[in-house]
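Residues per chain, in single letters:
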Amino acid sequence: MAKPVLTISSKNYGAWALRGWLMCRLAGLDFSEKVIPPDDPAMKAEMLLLSSSMLVPSLQHGSVKVWDTLAIGEYLNEIKPKAGLLPADVAARAHCRAICGEMHSGFSSMRGALPMNIKAHFKNFKVWSRAQADIDRIVAIWRECLKAYGGPFLFGKQPGMADAMYAPVVTRFLSYDVALDSTCAAYCKRVMELPPMQEWVAAAKQEPEEIDELDAEF
Ligand SMILES: N[C@@H](CCC(=O)N[C@@H](CS)C(=O)NCC(=O)O)C(=O)O
């Protein structure tokens, strides 16, 4: 079977792309990546062939095409069960799916006000109340998981799907100077120190594209 291909967009701005890519790396999948530059109309037709939603990330593995980060994570967990992307215990696995679902469908105020922008650093960024409510919920999720499963990652000793889902939040907290307690600050540091995260961040910093409205301080 040909090597799986993960299609992604910008590494600086593509939060969903980071989630899917990190899941593939944490699962130990030997894949190649195809980068579609953001806002390139010529690439839209090609994207439709790869992903019915025309969104990335999208994974092509032999005859299997899977898009949407949650579906990609579940697929990787099925083909790489030993990687432990999801916890082995049924209750912990249900908890993991619940917090991944919250990330997937929620936190729109935080996502809108603090878009992922790895290259940027907005010192003393003013976080408005709705985004702060999302941040407060995320911090509560992290604290609860780190306490229940003993850390250092959300579901225990090794990073998995939940850490990948929240990884772009970690980069946002750093980019926008979000004040965190010591437990959550240490968790962010741990995620940023993962070798695949360092690889992603280094590539994001090399990207030439700049989307002015996301670079504006507001
Ligand atoms: N719910 C989707 C969201 C995917 C998404 O919004 N991806 C962005 C990039 S990270 C996208 O493809 N935007 C359209 C574009 O760049 O043309 C998922 O979980 O994968």
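Refer to the structure printed above.
Residues numbered from 1 in each chain as written. Predicted model: local features only at pLDDT ≥ 70, side-chain atom pairs only at ≥ 80, totals over all residues. Heavy atoms only, no water.

## Description of the overall build of the protein
At step 1: A tally of regular secondary structure across the protein gives ten helices and four strands.
At step 2: Starting at the N terminus, the α and β elements of the protein follow one another as β-α-β-α-β-β-α-α-α-α-α-α-α-α.
At step 3: Looking at the protein residue by residue over its 218 residues, the buried ones come to 48%.
At step 4: Pairs at least 24 residues apart make up 73% of the contacts formed inside the protein by residues separated by at least 6 positions.
At step 5: When the accessible surface of the protein is totalled, it reaches about 10,500 Å², and 55% of it is carbon and sulfur. (Helix = DSSP H or I, 4+ residues; strand = E, 2+ residues; numbered from the N terminus. Buried < 20%, exposed > 50% of the residue type's maximum accessible area, 1.4 Å probe, protein only. Contact = heavy atoms within 4.5 Å. Areas by Shrake-Rupley, 256 points an atom, 1.4 Å probe, with all protein chains shown as cover.)

## Description of the packing of helix α1 (residues 15-27) against helix α3 (residues 69-79)
At step 1: Relative to each other, α1 and α3 sit at 5°, their axes nearing to 9 Å. In terms of orientation, α1 and α3 fall into the roughly parallel class. Between α1 and α3, the contacting residues are Trp16, Arg19, Gly20, Met23, Cys24 and Ala27 on the first element and Thr69, Gly73 and Leu76 on the second.
At step 2: Considering only residue class, the contact of α1 with α3 consists of five nonpolar, three polar and one charged. (Axes fitted to C-alpha atoms, helices over the stretch in contact; angles between N-to-C directions. Parallel < 35°, antiparallel > 145°, perpendicular 65-115°, else oblique. Nonpolar A, V, L, I, M, F, W, Y, C, P; charged D, E, K, R; others polar.)

## With respect to the sheet that holds strand β4 (residues 64-67)
At step 1: In spatial order, the strands read β2-β1-β3-β4; together these four strands make up an open sheet with mixed pairing. Across the chains shown, the open sheet's two edge strands, defined by having one partner strand only, are β2 (32-35) and β4. Within the sheet, the average angular offset between the axes of one strand and its neighbour, ignoring direction, is 20°.
At step 2: Pairing analysis gives four bridges linking strand β1 (residues 5-8) to β2, with the strands arranged parallel. Across the sheet, residue valine 5 finds its bridge partner in β2, namely serine 32.
At step 3: Packing of α3 onto the sheet brings it into contact with β1, β3 (58-61) and β4, and relative to β4 it is tilted by some 135°. (Pairing = 2+ DSSP bridges.)

## Things to note about the layout of surface pockets
At step 1: Taken as a whole, the second largest pocket encloses approximately 160 Å³ of empty space.
At step 2: As for the second largest pocket, its lining consists of 14 residues, of which Gly84, Leu86, Pro87, Phe155 and Gln158 are closest to the centre.
At step 3: With three residues, helix α7 (residues 161-175) is the single largest residue contributor to the lining of the second largest pocket.
At step 4: A class-by-class count of the residues in the lining of the second largest pocket yields eight nonpolar, four polar and two charged. (1 Å grid on protein atoms, 1.4 Å probe; cavity = no way out; pocket = protein on both sides within 12 Å on 5 of 7 lines; lining within 4 Å. Points joined across faces, edges and corners; volume = space filled by probe spheres on them.)

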